[in-house]
Amino acid sequence: MKKYDYILVGSGLYSGVIAYMATKAGKTCLVLEKRNHIGGNVYCESIEGINVHKYGAHIFHTSNKEVWNFVNSLVEFNRYTNSPVANYKGEMYNLPFNMNTFSKMWGISTPAEAKEIIDRQKASITGEPKNLEEQAISLVGQDIYEKLIKGYTEKQWGRDCKELPSFIIKRLPVRYTYDNNYFNDLYQGIPIGGYNVLIDKLFEGVEIKTNVDFLEDKEHWMSLGEQVIYTGAIDAYYDYCYGKLEYRTVRFETEVLDEQNHQGVAVVNYTDRETPYTRIIEHKHFEYGTQEKTVISKEYSTDWEEGMEPYYPVNDEKNQALYEKYATKAKDENIIFGGRLGEYKYYDMDKVIESAMNMWKQLENK
């Protein structure tokens, strides 16, 4: 008999859900985490009494009632609604693109006027869009593309929109209503007290070792458990035998400001090319903070290199084909790859939780 039923590598939401379900079912788990804290990228750091989203803004939203009921059975959520603002060279626009945006941009007031302008501008692209620029203009027209998409996207991907494939932007939300709510999902909010409260609930009563690199002693750790669930990068697990998958990464510059309210909203996107960062997060607004000081994080998007934190998978055809090779190799082994890095997917939090819940149903029925 092995010492543990499950060895969970990584301590983000995917591992957390499996650990929680397994523990409830009377199974034993060992969690191994490379960082010095648990929680993966939803981890919050307390600075000046503010829950700072250390690895970027995390706003929980879902239309999956099972997932929403599950997280609310663990923690209470506030009513935070994501309504980001775009700053284009000092001009402020509401996101997602809606009647407030169009009214500011063109001095108009009715949906019919906005639609007429967008349709006229979209018509400049004929035939199948050849790149991201043409795709974006064919969806929202020239003005919105130039001011609110072009610079932001080029900073995010580190290259010109004309060089980016059109499939990156399959659709852009355009609303002909005065509605600044970014998400269409039924449920939305932030855990009261921050995400650490949720993470602590998920891993309650579970044995956890931090500052442990599973890959440095893979055989030893695997020998301790009946089943290994790995949420790190799948290509790293196989020592990059087929080559490295590509990611974009994000660098944060976080600072404490001696003011109560810096930008009046949690998220401001800087959509011109000249501003080096993509956005500024003011963390206190996620939880309606009234602290004397405030904490902001500037986000810079760069290419990922080994040793950096991988954030966004570059899901183009080349990388997808490479991932499939690793996924095929994994089918022959007694190991489950889960989460954003294990499945090489850009996952929202609710989708990670849903994926883990589905995996647990399979494990339970084994």
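Residues numbered from 1 in each chain as written. Predicted model: local features only at pLDDT ≥ 70, side-chain atom pairs only at ≥ 80, totals over all residues. Heavy atoms only, no water.

K.L.:
Let's hear about the overall build of the chain: which residues, and what values?
P.N.:
Helices and strands together make up the secondary structure of the chain, namely 12 helices and 16 strands. For the chain, the C-alpha radius of gyration of 22 Å lies close to 21 Å, the compact-globule estimate for 366 residues. By principal-axis analysis of the C-alpha atoms, the chain measures approximately 70 × 50 × 35 Å. Relative to its 366 residues, the chain shows a buried fraction of 54%. Here the analysis covers contacts within the chain between residues at least 6 apart in sequence; of these, 72% occur between residues at least 24 apart. Working note: accessible area of the chain is about 17300 Å², and carbon and sulfur atoms make up 47% of it. (Helix = DSSP H or I, 4+ residues; strand = E, 2+ residues; numbered from the N terminus. Rg over C-alpha atoms; globule rule 2.2 N^0.38 Å. Buried < 20%, exposed > 50% of the residue type's maximum accessible area, 1.4 Å probe, protein only. Contact = heavy atoms within 4.5 Å. Areas by Shrake-Rupley, 256 points an atom, 1.4 Å probe, with all protein chains shown as cover.)

K.L.:
Just give me the short version of helix α1 (residues 13–24), but keep the residues and values in it.
P.N.:
With 12 residues, α1 extends 16 Å between its outermost C-alpha atoms, agreeing within 8% with the 16 Å of an ideal straight helix rising 1.5 Å per residue. Burial analysis of α1 places nine of its 12 residues in the buried class, the great majority of the element. Buried residues of α1: Leu13, Tyr14, Ser15, Gly16, Val17, Ile18, Ala19, Met21 and Ala22, and no others. Count one or two residues on from α1 and you reach Gly26, which has phi positive near 85°. (Expected span 1.5 Å × (residues − 1).)

K.L.:
Can you tell me about the nonpolar core, naming the residues and giving the values?
P.N.:
In this structure, Phe102 and Ile144 are the most contacted members of the largest nonpolar core, which totals 55 residues. Every residue in contact with Ile144, bar those within four places of it in the chain, is listed here: Phe97, Phe102, Met105, Trp106, Ile118 and Ile149. Val31, Ala57, Trp68 and Phe183 belong to the second largest nonpolar core, which has 49 residues in total. (Core = buried A, V, L, I, M, F, W, Y, C linked by side-chain atoms within 4.5 Å.)

K.L.:
Lay out the sheet that holds strand β13 (residues 279–282) in plain terms, naming residues and giving numbers.
P.N.:
Read across the open sheet, the seven strands follow the order β7-β6-β12-β13-β14-β11-β15; overall the sheet is mixed. Of all strands in the sheet, those bounded by a partner on one side alone are β7 (91–94) and β15 (312–313). When strand β12 (residues 267–270) meets β13, the two strands line up antiparallel, connected through three bridges. Bridging across to β13, Val268 finds its partner in Ile280. (Pairing = 2+ DSSP bridges.)

K.L.:
Tell me about a negative patch on the surface, and please be specific about residues and values.
P.N.:
A contiguous patch of negative charge, built from Glu48, Asp258, Glu259 and Glu292, is present on the exposed surface. With a relative accessible area of 31%, Glu259 lands in the partly exposed category. (Patch = residues over 30% accessible without salt bridge, like charges linked within 9 Å, V, L, I, M, F, W, Y side chains within 5 Å. Salt bridge = Lys/Arg side-chain N within 4 Å of Asp/Glu carboxyl O. Lys, Arg positive; Asp, Glu negative; His and termini not counted. Charge placed at Lys NZ, Arg CZ, Asp CG, Glu CD.)

K.L.:
Please set out unusual backbone geometry residue by residue, giving values where relevant.
P.N.:
With glycine set apart, most residues show a phi of negative sign, and most peptide bonds adopt trans. Here Leu95 and Pro96 are connected by a cis peptide whose omega angle stands at -5°. With respect to the element layout, Pro96 can be found in the loop between β7 and α3 (99–106). Despite not being glycine, Tyr240 has its phi angle at roughly 55°, a positive value. For Tyr240, the location among the structural elements is in the loop between α9 (234–237) and β11 (247–257).

K.L.:
Describe the packing of helix α2 (residues 65–74) against helix α12 (residues 349–364), with residues and values.
P.N.:
Direction vectors running N to C along α2 and α12 enclose 95°, while the axes themselves pass 10 Å from each other. Relative to α12, α2 is oriented roughly perpendicular. In this structure, α2 uses Glu66, Val67, Phe70 and Val71 to contact α12, whose residues at the interface are Asp350, Ile353, Glu354, Met357 and Lys361. Here the residues of the contact of α2 with α12 are counted per class, giving five nonpolar, no polar and four charged. (Axes fitted to C-alpha atoms, helices over the stretch in contact; angles between N-to-C directions. Parallel < 35°, antiparallel > 145°, perpendicular 65-115°, else oblique. Nonpolar A, V, L, I, M, F, W, Y, C, P; charged D, E, K, R; others polar.)

K.L.:
Can you break down the side chain of Asn319 residue by residue, with the values?
P.N.:
By secondary structure assignment, the location of Asn319 is in helix α10 (residues 317–331). On the basis of relative accessible area, Asn319 is assigned to the buried category, the value being 2%. In contact with Asn319, not counting residues within four places along its chain, are Lys244, Leu245, Glu246, Val314 and Tyr344.

K.L.:
Break down the packing of aromatic side chains for me, with residues and values.
P.N.:
In this structure the tally under the stated criterion is 27 aromatic pairs. Seen from their ring centres, Trp68 and Phe77 are 5.0 Å apart, and the 55° between their planes marks the pair as tilted. Phe77 sits in the buried class, given a relative accessible area of 10%. With centroids separated by 5.8 Å and ring planes inclined at 85°, the aromatic side chains of Tyr277 and Tyr300 adopt a geometry described as edge-to-face. Taken together, the residues span a long stretch of sequence, with Tyr277 in the loop between β12 and β13 and Tyr300 in strand β14 (residues 294–303) at a distance of 23 residues. Across the pair, Tyr300 and Tyr277 agree in class, each one buried. The rings of Phe214, Tyr230, Tyr237, Tyr238, Tyr242, Tyr326 and Phe337 are connected pair by pair, giving a single aromatic cluster. In this structure, Arg35 is placed above the aromatic ring of Tyr55, and the distance from its NZ or CZ to the ring centre is 3.9 Å. Taking NZ or CZ as reference, Lys54 lies 6.0 Å from the ring centre of Tyr55, over its face. (Phe/Tyr/Trp six-rings, centres within 6.5 Å; stacked < 30°, edge-to-face > 60°. Lys NZ or Arg CZ within 6 Å of the ring centre and 35° of its normal.)

K.L.:
If you had to explain the environment of Gly189 to someone new, which residues and values would you point to?
P.N.:
Among the secondary structure elements, Gly189 is positioned in strand β8 (residues 187–189). By relative accessible area, Gly189 is classed as buried at 0%. Separated by 155 residues in the primary sequence, Gly189 and Tyr344 place their C-alpha atoms 26 Å from one another.

K.L.:
Go over the packing of α3 against helix α6 (residues 142–157), please, and point to the residues and values.
P.N.:
Two elements in contact, α3 and α6, have axes separated by 12 Å at closest approach and are oriented at 100°. Between α3 and α6, the angle falls in the class roughly perpendicular. Residues Thr101, Phe102, Met105 and Trp106 of α3 form the contact with α6, whose own contacting residues are Asp143, Ile144, Lys147 and Leu148. Split by residue class, the contact of α3 with α6 holds five nonpolar, one polar and two charged.

K.L.:
Mind laying out the environment of Ile117, listing which residues take part and the relevant values?
P.N.:
Mapped onto the secondary structure, Ile117 falls in helix α4 (residues 111–122). Sequence separation between Ile117 and Ile280 is 163 residues, and the spatial gap between their C-alpha atoms is 30 Å. When sequence neighbours within four positions are dropped, the list of residues in contact with Ile117 reads Trp106 and Ile108.

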